[in-house]
Amino acid sequence: MRINPWLILLALIAVVWLVNAGSSFGGNRTVSYDTFVTWIKEGKVRQVVITENRVDIQLQVPEKATTSNGQEIAQPSSSFTTILPPVEARDADLMASLIKAGVKIVPQNPSQWLPLLSAFLPVLIMLGFFWFIFMRGQGGQGQVMQFGQSRAKQYGKERKVSTTFADVAGHEEVKR
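Residues numbered from 1 in each chain as written. Predicted model: local features only at pLDDT ≥ 70, side-chain atom pairs only at ≥ 80, totals over all residues. Heavy atoms only, no water.

Thoughts on the nonpolar core
(1) Moving on: Core analysis: the biggest nonpolar cluster contains 19 residues, and Phe36, Trp39, Val45, Val48, Ile57 and Phe80 have the highest contact counts within it.
(2) Moving on: Elements supplying a minimum of two residues to this core: α2 (33-42), β1 (45-51), β2 (54-63) and α3 (94-100).
(3) Moving on: The dominant element in this core, judged by the number of residues it contributes, is α2, at 5 residues. (Core = buried A, V, L, I, M, F, W, Y, C linked by side-chain atoms within 4.5 Å. Buried < 20%, exposed > 50% of the residue type's maximum accessible area, 1.4 Å probe, protein only. Helix = DSSP H or I, 4+ residues; strand = E, 2+ residues; numbered from the N terminus.)

Examining unusual backbone geometry
(1) Moving on: The phi dihedral of glutamate 52 falls on the positive side, at around 45°, and the residue is not glycine.
(2) Moving on: Residue position: glutamate 52 is located in the loop between β1 and β2.
(3) Moving on: Overall, the relative accessible area of 57% leaves glutamate 52 in the exposed class.

Points about the environment of phenylalanine 80
(1) Moving on: Residue placement: phenylalanine 80 occurs in strand β3 (residues 77-83).
(2) Moving on: Through-space distance from the C-alpha of phenylalanine 80 to that of valine 55 is 8.4 Å; in sequence the pair is 25 residues apart.
(3) Moving on: Setting aside residues up to four positions removed in sequence, phenylalanine 80 forms contacts with Arg29, Val31, Trp39, Val55, Asp56, Ile57, Leu59, Glu63, Ala65 and Ile73. (Contact = heavy atoms within 4.5 Å.)

What to know about the side chain of threonine 81
(1) Moving on: Looking at the element boundaries, threonine 81 is found in strand β3.
(2) Moving on: Within polar-contact distance, the side chain of threonine 81 engages the side chain of aspartate 56 at 3.2 Å.
(3) Moving on: When residues no more than four places from it in sequence are discounted, the contact partners of threonine 81 are Arg29, Thr30, Val31, Arg54, Val55, Asp56 and Ile57. (Polar contact = N/O pair within 3.5 Å; in protein donor to acceptor, adjacent residues only side chain to side chain.)

Observations regarding α2
One full turn of an α-helix is made of 3.6 residues, so residues set three or four places apart face in the same direction.
(1) Moving on: Every buried residue of α2 is listed here: Tyr33, Phe36, Val37, Trp39 and Ile40. Viewed end-on, α2 has its buried residues packed into an arc of 160°, placing them on one side of the element. Away from the buried face of α2 by more than 90 degrees, exposed residues Asp34 and Lys41 are located.
(2) Moving on: Looking one or two residues beyond α2, the residue adopting positive phi is glycine 43, at roughly 75°. (Arc of directions from axis to C-beta.)

Remarks on the pattern of salt bridges
(1) Moving on: A complete count under the given rule lists 3 salt bridges for this structure.
(2) Moving on: The shortest N-O distance in the salt bridge between glutamate 42 and lysine 44 comes to 3.0 Å.
(3) Moving on: The partly exposed category is assigned to glutamate 42, whose relative accessible area is 47%.
(4) Moving on: A salt bridge links glutamate 63 to lysine 44, with the shortest nitrogen-to-oxygen separation between them at 3.2 Å. Placement of the pair is glutamate 63 in strand β2 and lysine 44 in the loop between α2 and β1, with a sequence separation of 19 residues.
(5) Moving on: Classification of glutamate 63 by relative accessible area gives buried; the value is 17%.
(6) Moving on: Within the structure, one salt-bridge network assembled from shared partners comprises Glu42, Lys44 and Glu63. (Salt bridge = Lys/Arg side-chain N within 4 Å of Asp/Glu carboxyl O.)

Considerations on the environment of glutamine 75
(1) Moving on: Note that glutamine 75 resides in the loop between β2 and β3.
(2) Moving on: Judged by relative accessible area, which is 59%, glutamine 75 ranks as exposed.
(3) Moving on: Linking glutamine 75 and proline 62, residues 13 residues apart in sequence, is a C-alpha distance of 8.9 Å.

Thoughts on the sheet that holds β1
(1) Moving on: Reading across the sheet, the 4 strands line up as β3-β2-β1-β4 and stay open at both edges, with mixed pairing between neighbours. If you trace the sheet from one side to the other, it starts and ends with β3 and β4 (104-107), each paired once. Across the sheet, the axes of successive neighbouring strands diverge by a mean angle of 20°, strand direction being ignored.
(2) Moving on: As paired elements, β1 and β2 share 6 bridges and run antiparallel to each other. By the bridge assignment, isoleucine 50 is partnered in β2 with valine 55. (Pairing = 2+ DSSP bridges. Axes fitted to C-alpha atoms, helices over the stretch in contact; angles between N-to-C directions.)

This is the structure we're talking about:
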């Protein structure tokens, strides 16, 4: 069974899109940092998962919210995300506020697969593209670098030519 290279390319594009889209399949649920701090003060946050500059928020009860770009989320949800400010501007009392509010804090190391994937995926795509071009142009895996060889076959009378040089050696037309 031969695998269609266009399906492989489509699958790679889908994987890259899914990685870049993140885990928020229900739409953009990124709220502002101010909303996050307000929820902590009101005691609405049950758990946070902190990864470098991102916080995944689990609320006690589902709630409607406004995303960080100002759009209203249609259905109530208990799962949101926020982006932490840069290290220089971070709230020094954030951890104390979380502990005081009784929020379960789960620190998480960043994934090592995304940097590896982003480093090697373009190279793999280019190698796949060149492999595809060579296979397409040469008609098979065994003939990758055999340029200029004709695949034409001789049929019928072309193969059974009975005229020799001795037959035409004395003719004037042949000498010109």
